[in-house]
Structure formats: C-alpha cells, structure tokens
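# Fold and geometry: a report
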Amino acid sequence: MEVCKKQGINKNYFIVIDELDLYLHPTLQQDIISILQEYICVMLQECSIQVLFTTHSPLVLSDIPREKTIFLRKEIERVVVVEDIGEYKTFGANITSLYYNSFFMEHGSMGSYARKKISKIISRLRNEKDKITNEEYKGINAEIQCIGDSLIRNKLEQMLEERRKEGIGQEEYYKEQI
C-alpha cells in the first residue's frame, strides 16, 4: 500500500481480513482494532480505506459499533444474516454478554462434556430410590469439588448433603459433623 501511495496509483483501498483474532493472545485481541486504526491513520492518511474482517472474539467485537456489524448464523446447510437482534449494542459492551448474545451461545456457559457430567450428578442426587453409599458420596463430592462455577458447586454440595442426611439419618449425620 505504501508503494501505491507514493506512486499515486490508487488512493482507495478495501482491506479484507478473515478471522482477525485468530492466533492472537487475548490481550492483543483487546488492542488489535486500536492498533489497526492508528496504523491506517498514520500510514494511509490521504487514502480512502474500508476494512472488512470476521471475528469470533468478543474482545474484538467490543471495539466495533453495532451499526458496523453484521451477524451471521449457520443453519443446517447455509449461513444467514441475522437481521433482528433488537437494540443490542456491541461497542464497549461486556465481553461475557457479547459472547452469549453475539455468538448465539444457546447451550450455556460451559462445554458439553461438563454439562453432561453435571447433569448426571444432578440426576443421581435426585434419584431418591437408591441410598448413596459412603464410597459413592466421596466420589460424587470429589466430582463436585472440580466444578469451577461456585453457584453450581454450592447447590450440588447442598443437594449431596441433603441426600447424605437422608441416607444415614439426621442424628448420625450431625454426630459426624461434630
């Protein structure tokens, strides 16, 4: 571009970058739009420039106004433009909100393996037909302690303790606690 600028060949540029965030550390993802903007303003100040890029990064998207954003969604065998996302704003938005809303995360905030594992624990704790043995209690408790979301972990701990009280009797349970 610098050569074209000096020789006066072209003063209109259209830059396309696919997956702008790919291979960038999150801190660089936070800075990439600012870096590009500064570079373009300094190096190509007398030119007309349009930049088109794709991203899956809420860190990058938080630097782009909603009016300059096109949301795409993959359907069975095609990709469609999502027309109606309401009054949703992207510029300066919370990256967690961007991640869920802009990238259509319908299945929650965790991977499917963890979700299945937690669902299995919940099912076991809700199954009141079978008592939970001491060994099973230890195993379930160890799995629960691995869960990073404190709200989920605390609720499962509470459910496990309730089942334990039922299994060994409240009097015996409270003796163990002392």
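Refer to the preceding data block for the structure.
Residues numbered from 1 in each chain as written. Predicted model: local features only at pLDDT ≥ 70, side-chain atom pairs only at ≥ 80, totals over all residues. Heavy atoms only, no water.

Let us now look at the side chain of T55. Along the chain, T55 turns up in the loop between β2 (48-53) and α3 (58-61). Residue T55 is classed as buried on the basis of its relative accessible area, which comes to 18%. A distance of 2.7 Å separates a polar atom in the side chain of T55 from a polar atom in the side chain of D21. (Helix = DSSP H or I, 4+ residues; strand = E, 2+ residues; numbered from the N terminus. Buried < 20%, exposed > 50% of the residue type's maximum accessible area, 1.4 Å probe, protein only. Polar contact = N/O pair within 3.5 Å; in protein donor to acceptor, adjacent residues only side chain to side chain.)

The next thing to look at is the pattern of salt bridges. Counting across every chain of the model gives four salt bridges. Note that R124 and E136 form a salt bridge whose closest N and O atoms lie 2.5 Å from each other. You can see R124 sitting in helix α5 (residues 112-126) and its partner E136 sitting in helix α6 (residues 134-145), a full 12 residues away along the chain. Under the relative-accessibility criterion, E136 is labelled partly exposed at 25%. Between E135 and K138 there is a salt bridge, with the nearest N and O atoms lying 3.9 Å from each other. Here E135 pairs with K138, and both are found in helix α6, just three residues apart, close to one helical turn. Taking relative accessible area as the criterion, E135 reaches 60% and is therefore assigned exposed. (Salt bridge = Lys/Arg side-chain N within 4 Å of Asp/Glu carboxyl O.)

As a further point, take the packing of aromatic side chains. Using the criterion set out here, one finds zero aromatic pairs in the structure. The ring centre of Y137 lies 4.1 Å from the NZ or CZ of R164, which sits over that ring. (Phe/Tyr/Trp six-rings, centres within 6.5 Å; stacked < 30°, edge-to-face > 60°. Lys NZ or Arg CZ within 6 Å of the ring centre and 35° of its normal.)

With six bridges connecting them, strand β1 (residues 12-17) and β2 associate as parallel partners. By the bridge assignment for β2, Y13 is matched with I49. One crossover worth recording links β1 to the parallel β2 by way of helix α2 (residues 26-43), and it is right-handed. (Pairing = 2+ DSSP bridges. Right-handed = clockwise from strand over helix to strand, strands pointing away.)

As a further point, take α6. Along its 12 residues, α6 runs 16 Å from first to last C-alpha, staying within 8% of the 16 Å computed at 1.5 Å per residue. Within the span of α6, buried status applies to Y137, I140 and I144. Down the axis of α6, the sector holding all buried residues measures 75 degrees, keeping them to one side. (Expected span 1.5 Å × (residues − 1). Arc of directions from axis to C-beta.)

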